[in-house]
Number of protein chains: 2
Amino acid sequence: MLKIESIDQNQFSTIIEERTSRDSETYEVIDERVKNIINSIRDRGDAAVFDYIEQLDGAKLDNLFVTEEEINQAFEQVDDELIDILQEARHNIDNYHRNQSEKSWYTNDGPGIWLGQQVTPIERVGVYVPGGKAAYPSTVLMNVVPAKVAGVESITVTTPVQADGKVNPNTLVAASIAGADQILKVGGAHGIATLAYGTESVNKVYKIVGPGNAYVARAKKFVFGDVDIDMIAGPSEVCVIADDQAEPKLIAADLLAQAEHDELASSILVTTSKRIANEVQQEVETQTKNLSRKEILDVSITKQGRIYLVDDLENAFEFVNELAPEHLEVLVEQPFEQLPKIKNAGAIFLGSYSPEPLGDYFAGPNHTLPTNGTAKFSSPLGVYDFQKKSSVIYYDKQSLEQVNQKIQKFAEAEGLDAHAASIRKRFE
Amino acid sequence: MLKIESIDQNQFSTIIEERTSRDSETYEVIDERVKNIINSIRDRGDAAVFDYIEQLDGAKLDNLFVTEEEINQAFEQVDDELIDILQEARHNIDNYHRNQSEKSWYTNDGPGIWLGQQVTPIERVGVYVPGGKAAYPSTVLMNVVPAKVAGVESITVTTPVQADGKVNPNTLVAASIAGADQILKVGGAHGIATLAYGTESVNKVYKIVGPGNAYVARAKKFVFGDVDIDMIAGPSEVCVIADDQAEPKLIAADLLAQAEHDELASSILVTTSKRIANEVQQEVETQTKNLSRKEILDVSITKQGRIYLVDDLENAFEFVNELAPEHLEVLVEQPFEQLPKIKNAGAIFLGSYSPEPLGDYFAGPNHTLPTNGTAKFSSPLGVYDFQKKSSVIYYDKQSLEQVNQKIQKFAEAEGLDAHAASIRKRFE
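Fair warning: this is a prediction, and the values are worked out from it, not measured in the lab.

Things to note about the overall build of chain A
Link 1 in the chain: When helices and strands are tallied, chain A shows 16 helices and 14 strands.
Link 2 in the chain: Expressed along its principal axes, the backbone C-alpha trace of chain A runs to roughly 85 × 60 × 45 Å.
Link 3 in the chain: Classification of the 428 residues of chain A by burial places 60% in the buried group.
Link 4 in the chain: At a minimum sequence separation of 6, the contacts of chain A that also span at least 24 residues come to 74%.
Link 5 in the chain: As displayed, chain A offers around 16,800 Å² of accessible surface, 45% of which is attributable to carbon and sulfur atoms.
Link 6 in the chain: Of note, chain A has its 40 positive side-chain charges centred 6 Å away from the centre of its 66 negative side-chain charges.

Section: the packing of helix 10 (residues 248-259) of chain A against helix 11 (residues 274-288) of chain A
Residues and elements named next belong to chain A.
Link 1 in the chain: The contact between helix 10 and helix 11 brings their axes to 8 Å, and the two run at 55°. Our classification of the angle between helix 10 and helix 11 gives oblique. The handedness of the crossing between helix 10 and helix 11 comes out as right-handed. Between helix 10, through Pro248, Lys249, Ile251, Ala252, Ala253, Leu255 and Leu256, and helix 11, the contact on the second element is made entirely by Ile276, Glu279, Val280, Glu283, Val284, Gln287 and Thr288.
Link 2 in the chain: Partitioned by chemical class, the residues of the contact of helix 10 with helix 11 number nine nonpolar, two polar and three charged.

As for the UniProt feature "active site" (unreviewed entry) in chain A
Residue and element names in this part refer to chain A.
Link 1 in the chain: Per the UniProt entry, the sites bearing "active site" (unreviewed entry) are Glu326 and His327 in this numbering.
Link 2 in the chain: Turning to its location among the elements, Glu326 is positioned in the loop between helix 13 (313-323) and strand 12 (327-331).
Link 3 in the chain: What makes Glu326 buried here is its relative accessible area of 6%.
Link 4 in the chain: Among the polar contacts listed, one links the side chain of Glu326 to the backbone nitrogen of Glu237, at a separation of 2.9 Å.
Link 5 in the chain: Structurally, His327 can be placed in strand 12.
Link 6 in the chain: Excluding its chain neighbours within four sequence positions, the residues that come into contact with His327 are Ser236, Glu237, Val238, Cys239, Gln258, Ala347, Phe349, Glu356, Asp360 and Leu369.
Link 7 in the chain: Looking at His327, its side chain comes within polar contact range of the main-chain oxygen of Glu237, at 2.8 Å.

Considerations on the sheet that holds strand 9 (residues 237-242) of chain A
Adjacent strands of a sheet pair through backbone hydrogen bonds, lying either parallel or antiparallel.
Link 1 in the chain: Across the sheet, which stays open at both edges, the nine strands sit in the order 1(A)-11(A)-10(A)-9(A)-12(A)-13(A)-14(B)-3(B)-2(B) with mixed pairing between neighbours. The strands lining the two open edges of the sheet, one partner per strand, are strand 1 (4-6) of chain A together with strand 2 (105-107) of chain B. Pairwise comparison of adjacent strand axes, ignoring direction, gives a mean angle of 20° for this sheet.
Link 2 in the chain: With six bridges joining them, strand 9 of chain A and strand 10 (residues 266-271) of chain A adopt parallel strand pairing. Bridging from a neighbouring strand, Val238 of chain A pairs with Ser267 of chain A of strand 10 of chain A.

Looking at the domain arrangement of chain A
Link 1 in the chain: For chain A, the assigned domains are domain 1 (4-21 + 235-376), domain 2 (45-229) and domain 3 (396-427).
Link 2 in the chain: Of note, the centres of domain 1 of chain A and domain 3 of chain A, computed from C-alpha atoms alone, are 57 Å apart.

Let's talk about the UniProt feature "binding site: Zn(2+)" (unreviewed entry) in chain A
All names here are of chain A.
Link 1 in the chain: The UniProt entry lists Gln258, His261, Asp360 and His419 under the feature "binding site: Zn(2+)" (unreviewed entry), expressed in the numbering used here. Look at the named residues: they lie 162 residues apart in sequence, and the longest C-alpha span between them is 56.8 Å, so in the fold they stay spread out.
Link 2 in the chain: Take Gln258: it is sitting in helix 10.
Link 3 in the chain: Residue class for Gln258 comes out buried when judged on its relative accessible area of 0%.
Link 4 in the chain: Here Gln258 is in contact with Ser236, Glu237, Val238, Ala265, Ser266, Ser267, Glu326, His327 and Glu356, once residues within four sequence places are set aside.
Link 5 in the chain: Relative to the helices and strands, Asp360 resides in helix 14 (residues 356-361).

Overview of a nonpolar patch on the surface
Link 1 in the chain: On the surface, Tyr106 and Trp114 of chain A together with Phe336 of chain B cluster together into a nonpolar patch covering about 270 Å² of accessible area.
Link 2 in the chain: With respect to the element layout, Tyr106 of chain A can be found in strand 2 (residues 105-107).
Link 3 in the chain: Take Tyr106 of chain A: its relative accessible area is 35%, and that puts it in the partly exposed class.

Here we look at the side chain of Arg124 of chain B
All names here are of chain B.
Link 1 in the chain: In this structure, Arg124 sits in strand 4 (residues 124-128).
Link 2 in the chain: Nearest to the buried, unbridged Arg124 among oppositely charged side chains is Glu123, at 5.0 Å.
Link 3 in the chain: Here Lys204 takes part through its backbone oxygen, which lies 2.8 Å from a polar atom of the side chain of Arg124.
Link 4 in the chain: Excluding residues within four positions of it along the chain, Arg124 makes contact with Val152, Ser154, Asn203, Lys204, Val205, Tyr206 and Lys207.

Some points on the interface of chain A and chain B
Note on interface size: it is often stated as the accessible area lost on association of the parts.
Link 1 in the chain: Facing the 114 residues of chain A at the interface are 114 residues of chain B.
Link 2 in the chain: Buried area between chain A and chain B, summed over both chains or domains, comes out near 10,300 Å², and the portion from carbon and sulfur atoms is 60%.
Link 3 in the chain: Contact with chain B buries area across many residues of chain A, yet Tyr353, Phe410 and Arg426 of chain A alone supply 8% of it, more than any other trio.
Link 4 in the chain: Connecting chain A to chain B are twelve salt bridges.
Link 5 in the chain: Residues Glu153 of chain B and Lys343 of chain A are paired through a salt bridge, measuring 3.5 Å at the closest nitrogen-oxygen approach.
Link 6 in the chain: Inspection of the chain A/chain B interface yields 61 residue pairs in polar contact (both at pLDDT 80 or more).
Link 7 in the chain: When residues in the side of chain A that touches chain B are grouped by element, the largest group, nine residues, is from helix 15 (residues 397-413) of chain A.
Link 8 in the chain: Partitioning the side of chain A that touches chain B into residue classes produces 55 nonpolar, 28 polar and 31 charged.

Looking at the relation of the copies chain A and chain B
Link 1 in the chain: Each copy of the sequence occupies a distinct position, and chain A is placed on chain B by a rotation of 180° and an axial shift of 0.0 Å, giving an RMSD of 0.1 Å. The relationship between the two copies is best expressed as a two-fold rotation axis.
Link 2 in the chain: When the interface residues of chain A are mapped onto chain B, 100% of them again fall at the interface, so both copies present the same face.

A closer look at helix 13 (residues 313-323) of chain B
Residues and elements named next belong to chain B.
Link 1 in the chain: If you check which residues of helix 13 are buried, you get Asn315, Ala316, Phe317, Phe319, Val320, Asn321 and Leu323.
Link 2 in the chain: Contacts made by the buried residues of helix 13 are with helix 1 (12-20), strand 9 (237-242), strand 10 (266-271), strand 11 (306-309) and strand 12 (327-331).
Link 3 in the chain: Looking one or two places after helix 13, you find Ala324, whose phi comes out positive at around 50°.

Section: the sheet that holds strand 10 of chain B
Link 1 in the chain: Here nine strands make up an open sheet; going across it, the order is 2(A)-3(A)-14(A)-13(B)-12(B)-9(B)-10(B)-11(B)-1(B) and the pairing mixed. Bordering the open sheet on either side are strand 2 of chain A together with strand 1 (4-6) of chain B, each of which pairs with just one other strand. If you compare each strand with its neighbour and ignore which way they point, the axes differ by 20° on average.
Link 2 in the chain: Two strands pair when backbone bridges link them, and strand 10 of chain B and strand 11 of chain B are joined in this way by four bridges, in the parallel orientation. Across the sheet, residue Ile268 of chain B finds its bridge partner in strand 11 of chain B, namely Arg306 of chain B.
Link 3 in the chain: The strands touched by helix 13 of chain B are strand 9, strand 10, strand 11 and strand 12 of chain B; relative to strand 9 of chain B, the strand with the most contacts, the crossing angle is about 170°.

Conventions used here
Residues numbered from 1 in each chain as written. Chains lettered and ligands numbered in written order. Predicted model: local features only at pLDDT ≥ 70, side-chain atom pairs only at ≥ 80, totals over all residues. Heavy atoms only, no water. Helix = DSSP H or I, 4+ residues; strand = E, 2+ residues; numbered from the N terminus. Buried < 20%, exposed > 50% of the residue type's maximum accessible area, 1.4 Å probe, protein only. Contact = heavy atoms within 4.5 Å. Areas by Shrake-Rupley, 256 points an atom, 1.4 Å probe, with all protein chains shown as cover. Lys, Arg positive; Asp, Glu negative; His and termini not counted. Charge placed at Lys NZ, Arg CZ, Asp CG, Glu CD. Axes fitted to C-alpha atoms, helices over the stretch in contact; angles between N-to-C directions. Parallel < 35°, antiparallel > 145°, perpendicular 65-115°, else oblique. Left-handed = near helix turned anticlockwise from the far one by under 90°. Nonpolar A, V, L, I, M, F, W, Y, C, P; charged D, E, K, R; others polar. UniProt positions renumbered as here; feature names shortened; annotations may be inferred. Polar contact = N/O pair within 3.5 Å; in protein donor to acceptor, adjacent residues only side chain to side chain. Pairing = 2+ DSSP bridges. Domains from an automatic or database assignment. Patch = residues over 30% accessible without salt bridge, like charges linked within 9 Å, V, L, I, M, F, W, Y side chains within 5 Å. Salt bridge = Lys/Arg side-chain N within 4 Å of Asp/Glu carboxyl O. Buried area = accessible area lost by both parts, 1.4 Å probe. Least-squares fit on C-alpha atoms with pLDDT ≥ 70 in both.

In structure tokens form, the structure reads like this:
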């Protein structure tokens, strides 16, 4: 049963602290194994990678890369209709993300002074794609397409190999449609180590993105610093804000869509209406019966789900900004009018016909979003995650001469006389 | 003596791997103390902060905040000329960074479909400023001004208090000129914990930036996840690319300006000219004699400094892109023409009158830059570090109906039938 709680402003921060408190779980056993895997691959390269694949995935390979032929086979295996849908989704994702692409710029403030910012793509990027049940083709598109739009020269997808030496055909088709440059059959911590340090046959990358199990997440943490990584995502969340105009049946369906991800997924309704609260509670019970992932739903709805009753819409938005949810559905009259009130949310869905699954698959914005309150300081995965900036400074002689004394004075105030000398020597 | 090495392309990656290999130093003693500090402050709030200040800084305070009066006193203590220079530097930094500010955008692709990206500032930010000799007012400006330009509502500067209960006046003046909203007298790991978790008197922040000693760096690592942090910077570096037109005297001065920072600072010349290499080597010896930080210079020049002789300019840029230096000075004929060759560098200084200290203090671009090869995947500190994005999605009924079947099919292919139901229920 989805619990209902009436809350007031004084309780907001306590409730949210409890909801978002991190488990300080330790991963001693996993960490020990992950470190060994990373060190062996750094020492022994390909030989170690082949060994781990045999040992952990049960496959004997003689080539780490998926071949052209295997990709063609995958296209034959996957339903043509799904291929078309993937292509349309790729188009929409590409279209949206092009708006994020940054350009280099220069300013010319006064004669003889040029300042600017040169924007360049990260040269080589790795995308981790989970195997098994979590092999979501939408995730492949959402991670590869922004890197492609950013102009990354080399995108390497890596994904676990099955014991028969093959890779999930949906993953292959999605990676190919998204424009990956090569696909590796290396999952788990060995996949991350291979991307981060390279081997005889694999070029190392400078950044690794994409979700994975605990081994993958810990391996990403270890290689961070040597390469960049994306944020390690927590369980998925939806928060629906509803007034008394909203449709309980749709709210319930959207809460359940989130809850089916896993037992830790969190589905929250914040509403000003007691009637809506009661009807949604009832609808969730009813709709659950017709869904296939009932066991997961029961646990996540009971443990993580909640209906919060608040006094008014102002309070609702204050609560939401404190919560900073991954997905926020705004099911109130005049949803556009609410946008300026929203400070912290990964993705915002406006109105009754913009349910969260539209964003997961199809509309174009990225579905890799900040979870667990991190929308207070971070952003959806985007083109900006695959570009970087260099400042550019040019002064001519006269321009530097004009500020010569000031810079020397500043440098001396900081006790750095070689800094002052570097300026002074230009005018001796 | 600054060593000269002739190198060819095959050696580039080995040389750079050696230069940028991270020390896997452990910090057991520091970590233990830092964890205790963080836990006490989370448990006991202000009381713990006051205790640590007494114990570690030797000051007995009854208020953690710098008062208006103390700021006014600082303005009286600091040289008026320096105040003017700080104000002019602030103006230049503000001016440059305004170009980085991102705007929200919306697209309207087809009737009934609105997609966008809402850009908002991080609400509350903390800036750590070291005390003692490393209390650089330039660092205060470079960290506070971009947050201000981003529109951060509340910027809290924190810096160590002296035993007499006072704070470095240069820091106070710079923080006030930069526009900090409040200044705390809390240094070290206790400063970071106070910002990250808040106390009765201090509001917690969502992101912490700024340099610090090992305690500060480790504390930032521990609180990361609960709040965001900037990158933990390594020792400073300059790389000068010079052809045979360059002035050895200026190159030497610029290498020394970098080397004076500390014994681990690295100063590299990459040149195509044997004559330049020899003359720079000689000039470094000569100029060192007249500088005050001779002991530091001797160590950093001998241990970290190097002149690399390469065959041609193509090789020079290839080496530099592999090195990804924090600062890159381009002292060759037609420096602008070289920009497209530069893929990885924190800041690029073009021509003979754009020495690195110009960027440290005055020109406007940020001096907080990626070190130790991380320019391959990261950027200077900027306004973008204090802004975040939310995706915005709106479909009307007709637009969703058109893609209804496709999204359901996609969701079912991923085994998520509650996702499919959330779409389907809208058309039942």
